[in-house]
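Commentary on secondary and tertiary structure
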Amino acid sequence: MKRLGLLPTWCIFGFALAAGCAWPRGKQGAPAIDGDAALEVQALGEDLVRLPEDVRPLSYRLKLSVDPNQAAFRGSLTLTAKLRHARRNVYLHGRGLRVKAVMASAAGLRPVLGSYSQMNDDGLAVVRFAAPLPAGEVSIEVLYEAPFGTHLDGLHRVGLGDAAGPYVVSQFEPTSARTTFPCLDEPRFKAPFEVTLVVPTGMRAISNMPCVSEQVSSDELNFKQVNFLPSPPLPTYLLAIMVGNFDVVDGPPIPADGRRVRDIPLRGIAARGQGAKLSYALQHTGRLVQILEDAFDLALPFPKLDLIAVPDFAAGAMENPGAITFRDWLLLIDPQLASRRQKAAFASVVAHELVHQWFGNYVTMQFWDDLWLNESFASWMGERAAATFDPTLHAAENNLRARDMALAADMLPSVRSIAQPVRTPQDVDAAFDVTTYLKGAAVLDMFDGYLGSTRMARGLSLHLARYRFANADANALFDSLSRGSGTDVAESFGSFIQQPGAPLVQASLSCSQKKGRLQLQQSRYTPLGTVSDRHSLWQVPVCWRAGDAAGAGERQCVLLTEAQQSIELPNCPAWLFPNAGGTGYYHFTVDRPMQEALRHATLTPPEQMAWASAQRAAFAAGKLQAHDLFESLTRAAQSSDLYVVSAALGSLLPLQQSLLEEDEGARAGVARFALAHFAPHAKGISLDAATPRTPSEEVLWPELLANLARLQALPKEQGRRLVDAGSRLIGYRGDGRWHVAGLSADLLPQAIASACDALGPAYLEALLDLLGHTDNATLRPILIGGLTRLQGVKEVQLLRQRLLGLPLRQNEWMPLLAGPMGSAALRHDHWRWFTEHFAEVRTHLPRKSLANLPRIAASFCSEQDALAVQAFFTPHLSELGQGKRELSQTLETIRQCAAQRDAHATDLQAQLQVQVHKAPRR
């Protein structure tokens with residue numbers, strides 16, 4: 001192997017023999033863990049997840065020799081650190097590194113050799129020096145090599161089948177920086193990085209900061225050395241390194257304004273040959289940046305912005321400052337195929353990652369137990385920025401959908417709190433979940449509504465000013481919000497952050513002498529099949545709207561701090577809705593008179609959605625009968641708002657496919673109910689791309705058709721049109737070309753699924769052939785989306801026969817594995833196939849996706865199936881990382897469903913007979 005540029009420095013120090021001035025050749029592999037590691041770890045007395053406080057990094061100078069065509073890379077690191085006390089051993093992180101030499105130096109100290117040992121599988125490491133290092137500033141130099149990662153994390157290679165590839169991409173969040181260089185791999189240890197990359201001459205090298213110089217390498221033939229400006233203080237997980245034959249496309253600079261004096265250079269980066277498809281992203285990103293700069297009243301904190309489309313990426317995107325990485329589908333927007341959904345996803349995800357430049361990158365959490373300070377803010381503010389960018393994206397409705405997902409997760413007994421103690425390295429990975437992203441965002445939205453957006457914004461601006469390029473925890477945020485808004489929110493906010501579950505607010509209204517009294521009670525919401533011994537109490541910002549028969553009333557709020565609370569009203573309203581705008585993070589019920597009055601209320605579309613959600617939650621808790629549930633669904637089906645209609649229709653799917661999975665007649669009854677009440681919304685849907693349609697129709701028509709198809713309630717004429725359109729889609733002639741035939745791109749996945757089910761194996765074979773040949777980032781998700789919706793037994797069997805041999809990206813496997821599990825007719829057969837092929841299936845998935853595998857069984861709905869799922873996964877838990885928690889929550893979900901089926905099945909079956917006779921004739 002070639003020499004690294006820093007080697008002569010080591011030789012000058014006279015350590016040629018000790019350090020090794022030549023890199024050894026031969027088989028690569030992870031180093032053996034020190035045999036005395038267990039005893040030493042016990043002696044440390046430290047939490048293994050957190051390093052000691054008395055060593056803090058001041059800067060990293062990192063030089064890597066990276067050739068994507070090799071299996072390994074080489075590095076030299078100079079870590080400048082401050083030691084609070086003199087010490088002989090320095091603890092840090094390093095996993096899978098083959099360290100060749102270590103040396104430390106300090107003012108007044110002769111260079112001291114050290115020996116490096118990895119102490120456990122999670123990457124706790126120690127450097128033992130021949131003599132004690134003094135307190136104060138020291139420099140530690142390390143020479144090492146390491147293999148590229150193989151599971152889409154660390155410094156890893158992607159695009160291995162690309163003619164211009166492979167490409168090297170970094171993904172260090174949360175704890176994979178330690179696989180690339182020795183470091184203090186925790187968010188609280190922020191330090192500047194000075195990066196140098198030695199790469200093949202014809203390749204591009206990218207990092208967080210602008211390139212400052214590039215020259216031919218003096219140490220490696222046909223290599224060049226690329227030097228980057230030092231960065232501001234960053235945690236290790238935000239370092240970015242990319243090398244390969246990328247297309248690099250300059251976008252319009254983000255112009256200087258009153259907050260900064262320089263333009264921000266904007267570039268798009270993609271696999272070779274894909275650069276032309278970056279045009280849409282580059283045209284619109286600058287606007288999103290400016291929206292967020294206005295929202296925070298603070299300029300983008302970094303000097304350049306690269307948007308990088310990665311050919312295979314485990315997450316959706318990663319917020320590395322100056323070098324944000326994305327699944328290529330989000331950036332490579334093919335003008336011939338781009339759907340409304342794809343463009344909406346672009347706005348939402350890019351906005352999310354841009355929010356991180358302030359919340360996460362500029363101000364960073366102290367540790368992973370406060371991950372919500374990153375992700376909740378990005379989810380909440382990202383949706384707002386996207387809606388400002390494009391008001392037709394319906395932020396309020398989308399936020400309600402996300403809130404409902406969080407509330408569903410909060411129904412489980414083992415659900416964690418938003419701020420969850422991190423005691424093991426596996427707990428860090430587990431923090432990236434619905435609770436962190438969606439519950440945290442919903443709670444922020446609730447407090448924004450309670451405080452008012454202006455006061456909330458003042459608190460956030462103050463927070464950013466107080467912790468510039470520093471770290472802050474949740475208490476610091478609460479203090480900033482309280483100071484900025486003028487209202488102490490610490491205890492109230494903390495009650496939602498520090499305990500699991502969600503409140504159930506029960507409301508009743510009484511009137512006397514033209515004045516009203518609102519009685520509120522709170523408790524923890526528990527659905528059937530769940531027993532909670534927690535007597536939780538929240539400080540709930542309850543906001544309501546009350547009005548008369550003529551229209552809507554004012555929005556009013558109170559902080560519900562006790563188990564019961566009474567509020568006097570100045571008048572007696574005709575109706576009162578106890579979750580104004582649907583922004584409260586709580587379930588709610590109302591007494592029967594209030595429920596009757598709400599039939600005549602003037603509710604906004606988000607409130608209609610929140611009311612339907614409350615009815616479903618009451619049904620799941622056994623507090624609402626099937627008659628009332630179907631009445632609620634019937635009213636929702638009559639709404640003129642497609643978001644309300646679509647949300648209600650979606651709630652029929654688990655009813656049909658899980659609660660009633662063993663009763664074919666009842667499932668047919670649900671289909672007839674959907675056909676009578678919801679299918680009329682589909683009759684006017686045009687499949688023609690040229691048909692004018694509103695943004696809501698573009699987004700929700702495909703969802704309506706897909707859900708009606710899954711419910712077996714698609715109008716026959718629409719079904720025929722989809723099959724006909726799908727039959728014209730595949731024009732594959734051996735050249736990998738795709739022929740849209742004038743069909744709306746948003747409707748392509750359902751057209752594919754309908755055509756597959758109707759036309760049989762020949763069509764499906766052509767589809768799989770196309771998937772095997774195309775690298776079009778817009779087309780591949782469309783094809784995968786169609787394949788996940790197959791309902792024909794023979795077609796799903798054929799897909800499974802071909803699945804293990806398909807050239808799929810790692811991030812494409814999970815939807816294909818999970819798709820058939822949503823169908824009562826396919827579920828058990830697919831489960832048998834999955835269990836029989838588990839050993840092979842898991843080799844195709846990214847390492848961090850393995851923990852999610854138990855989730856594919858969450859649609860089961862019987863104790864027998866719960867036991868089967870438990871028996872299968874339990875022996876494999878050691879292979880699945882945090883799979884133990886996912887398995888536990890999957891079993892809870894199954895048992896809740898079984899309890900609801902036991903309580904409601906007879907009533908549902910009887911009510912379905914009634915609904916069939918009541919259904920309007922169409």
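It should be emphasised that the depicted structure is a prediction, and the values quoted were computed from it without experimental measurement.

The next thing to look at is the overall build of the protein chain. The helix and strand inventory of the protein chain stands at 29 helices and 28 strands. Taken against the 2.2 N^0.38 rule, which gives 29 Å for 922 residues, the C-alpha radius of gyration of the protein chain at 29 Å falls within 12% of a compact globule. Along the first, second and third principal axes, the C-alpha set of the protein chain runs to 95 × 70 × 60 Å. Here the contacts in the protein chain between residues at least 6 apart in sequence split such that 73% fall between residues at least 24 apart. The positive charge centre, built from 89 side chains, and the negative charge centre, built from 91, are 1 Å apart in the protein chain.

Here the focus is the packing of aromatic side chains. Applying the stated criterion across every chain, the model contains 37 aromatic pairs. On the numbers, 4.6 Å between centres and 5 degrees between planes, the contact of Tyr 60 with Phe 193 is stacked. You can see Tyr 60 sitting in strand β1 (residues 55-65) and its partner Phe 193 sitting in strand β10 (residues 193-200), a full 133 residues away along the chain. Taken individually, Tyr 60 and Phe 193 each receive the classification buried, so the pair is uniform in this respect. With a centroid separation of 5.1 Å and an interplanar angle of 45 degrees, the aromatic rings of Phe 296 and Trp 358 are classed as tilted.

On to the environment of Thr 78. Relative to the assigned elements, Thr 78 resides in strand β2 (residues 72-83). Given a relative accessible area of 7%, Thr 78 falls into the buried group. The spatial distance from the C-alpha of Thr 78 to the C-alpha of Leu 62 is 6.5 Å, given a sequence separation of 16 residues. The residues contacting Thr 78, other than those within four sequence positions of it, are Ser 59, Tyr 60, Arg 61, Ser 139, Ile 140 and Glu 141.

Time to look at the nonpolar core. One finds Phe 181, Trp 372, Phe 493, Leu 652, Phe 834, Leu 853 and Phe 873 to be the most contacted residues of the largest nonpolar core, which totals 286 residues. Here this core takes 10 residues from helix α17 (residues 642-659), the largest share from any one element. By size, the runner-up hydrophobic cluster in this structure holds six residues, among which are Leu 504, Tyr 525, Ala 617 and Ala 621.

Taken together, four strands build an open sheet; the order of strands is β26-β23-β22-β28 and the sheet is mixed. Because the sheet does not close on itself, it has two edges, and the strands there are β26 (564-569) and β28 (587-590). Averaged over neighbouring strand pairs, the angle between their axes works out to 25 degrees when direction is ignored. Bridge count for strand β22 (residues 503-512) against β28 is four bridges, and the pairing is parallel. Its bridge partner lying in β28, Leu 504 is registered against His 587.

Before going further, it helps to spend a moment on unusual backbone geometry. Across residues other than glycine, the phi torsion is negative in most instances, and most of the peptide bonds are trans. For the peptide bond that leads from Gly 165 to Pro 166, omega is 5 degrees, which places it in the cis range. Along the chain, Pro 166 turns up in the loop between β8 (154-158) and β9 (167-171). Across the junction of Glu 173 and Pro 174, the peptide omega takes the value 0 degrees, indicating a cis bond. Its place among the elements puts Pro 174 in the loop between β9 and β10. Unlike most non-glycine residues, Gln 513 shows phi in positive territory, near 50 degrees. Overall, the relative accessible area of 76% leaves Gln 513 in the exposed class.

This part covers the sheet that holds strand β24 (residues 540-547). The strand order β25-β24-β27 describes an open sheet built from three strands, whose pairing is antiparallel. The open sheet is flanked by β25 (555-560) and β27 (575-577), the only strands paired with a single partner. Within this sheet the neighbouring strands show an average axis-to-axis angle of 30 degrees, counted without direction. Pairing analysis gives six bridges linking β24 to β25, with the strands arranged antiparallel. Bridging across to β25, Trp 544 finds its partner in Gln 556. In the packing of helix α10 (residues 434-451) onto the sheet, the strands contacted are β24 and β25, and the crossing angle to β25 comes to about 115 degrees.

Before going further, it helps to examine the pattern of salt bridges. Here the structure, examined in full by the defined rule, presents 49 salt bridges. Residue Arg 188 pairs with Glu 53 through a salt bridge whose shortest N-O separation is 2.5 Å. Taken as a pair, Arg 188 in the loop between β9 and β10 and Glu 53 in the loop between α3 (37-44) and β1 lie far apart in primary sequence, 135 residues in all. For Arg 384, the salt bridge goes to Asp 448, with nearest N and O atoms at 2.5 Å. Of this pair, Arg 384 sits in helix α7 (residues 372-389) while Asp 448 sits in helix α10, placing them 64 residues apart in sequence.

Let's shift gears to the packing of helix α24 (residues 793-803) against helix α26 (residues 827-836). Across the interface, α24 lies against α26 with an axial gap of 11 Å and an inter-helix angle of 15 degrees. In terms of their interaxial angle, α24 and α26 are classed as roughly parallel. The handedness of the crossing between α24 and α26 comes out as right-handed. Mapping the contact onto sequence places Gln 797, Arg 800 and Leu 803 in α24 and Asp 829, His 830 and Trp 833 in α26. Counted by class, the contact of α24 with α26 contains two nonpolar, two polar and two charged residues.

Evaluation of the coordinates by the stated rule reveals three disulfides. Disulfide pairing is shown between Cys 861 and Cys 897; the S-S distance is 1.9 Å. On the sign convention where negative means left-handed, the S-S torsion of about -95 degrees between Cys 861 and Cys 897 marks this disulfide as left-handed. A residue pair is termed long-range when its members are at least 10 positions apart, and Cys 861 in the loop between α27 (838-841) and α28 (863-873) and Cys 897 in helix α29 (residues 883-918) qualify at 36 residues. In this structure Cys 897 comes out as buried when scored by relative accessible area, which is 8%.

Right, let's get into α28. Turning to α28, its buried residues are Asp 865, Ala 866, Val 869, Phe 872 and Phe 873. In a view along the axis of α28, the buried residues occupy a sector of 135 degrees, so they form one face of it. Along α28, exposed side chains directed more than 90 degrees from the buried face belong to Gln 864 and Ala 871.

For Ser 339, the position within the fold is in the loop between α5 (328-331) and α6 (340-356). Taking the C-alpha atoms as reference points, Ser 339 and Ser 231, separated by 108 residues in sequence, lie 38 Å from one another. Contact partners of Ser 339, with chain neighbours within four places excluded, come to Ala 745 and Asp 746.

Across the eight residues that make up β24, a large majority, eight, are buried. The alternating pattern of β24 places Val 540, Val 542, Trp 544 and Ala 546 on one face and Pro 541, Cys 543, Arg 545 and Gly 547 on the opposite face, and all of these are buried. Alignment of β24 against β27, held across three bridges, turns out to be antiparallel. Counted as the bridge partner of Arg 545 is Phe 577 from β27.

Quick look at the confidence of the model for the protein chain now. Detailed conclusions should not be drawn from predicted coordinates in areas where pLDDT is low. Per-residue confidence for the protein chain gives a mean pLDDT of 89; residues scoring 70 or more make up 92%. Across residues 1-39 the pLDDT falls below 50, and counting only partners more than four positions away or on other chains, this stretch makes 82 contacts in the model.

To continue, consider the side chain of Thr 589. In this structure, Thr 589 sits in strand β28. Those residues in contact with Thr 589 that lie beyond four places of it in its chain are Leu 504, Val 505, Gln 506, Ala 507 and Ala 618.

Where helix α15 (residues 605-620) meets helix α16 (residues 626-637), the closest approach of the two axes is 10 Å, and the angle between their N-to-C directions is 160 degrees. For the element pair α15 / α16, the angle class is roughly antiparallel. α15 and α16 meet at a crossing whose hand is left-handed. Packed against α15, whose contacting residues are Trp 611, Ala 612, Gln 615, Arg 616 and Phe 619, the element α16 presents Ala 626, Asp 628, Leu 629, Ser 632 and Arg 635 at the interface. Considered class by class, the residues forming the contact of α15 with α16 number five nonpolar, two polar and three charged.

What counts, and at which threshold
- Residues numbered from 1 in each chain as written.
- Predicted model: local features only at pLDDT ≥ 70, side-chain atom pairs only at ≥ 80, totals over all residues.
- Heavy atoms only, no water.
- Helix = DSSP H or I, 4+ residues; strand = E, 2+ residues; numbered from the N terminus.
- Rg over C-alpha atoms; globule rule 2.2 N^0.38 Å.
- Contact = heavy atoms within 4.5 Å.
- Lys, Arg positive; Asp, Glu negative; His and termini not counted.
- Charge placed at Lys NZ, Arg CZ, Asp CG, Glu CD.
- Phe/Tyr/Trp six-rings, centres within 6.5 Å; stacked < 30°, edge-to-face > 60°.
- Buried < 20%, exposed > 50% of the residue type's maximum accessible area, 1.4 Å probe, protein only.
- Core = buried A, V, L, I, M, F, W, Y, C linked by side-chain atoms within 4.5 Å.
- Pairing = 2+ DSSP bridges.
- Axes fitted to C-alpha atoms, helices over the stretch in contact; angles between N-to-C directions.
- Salt bridge = Lys/Arg side-chain N within 4 Å of Asp/Glu carboxyl O.
- Parallel < 35°, antiparallel > 145°, perpendicular 65-115°, else oblique.
- Left-handed = near helix turned anticlockwise from the far one by under 90°.
- Nonpolar A, V, L, I, M, F, W, Y, C, P; charged D, E, K, R; others polar.
- Disulfide = S-S within 2.5 Å.
- Arc of directions from axis to C-beta.
- pLDDT = per-residue confidence, 0-100.

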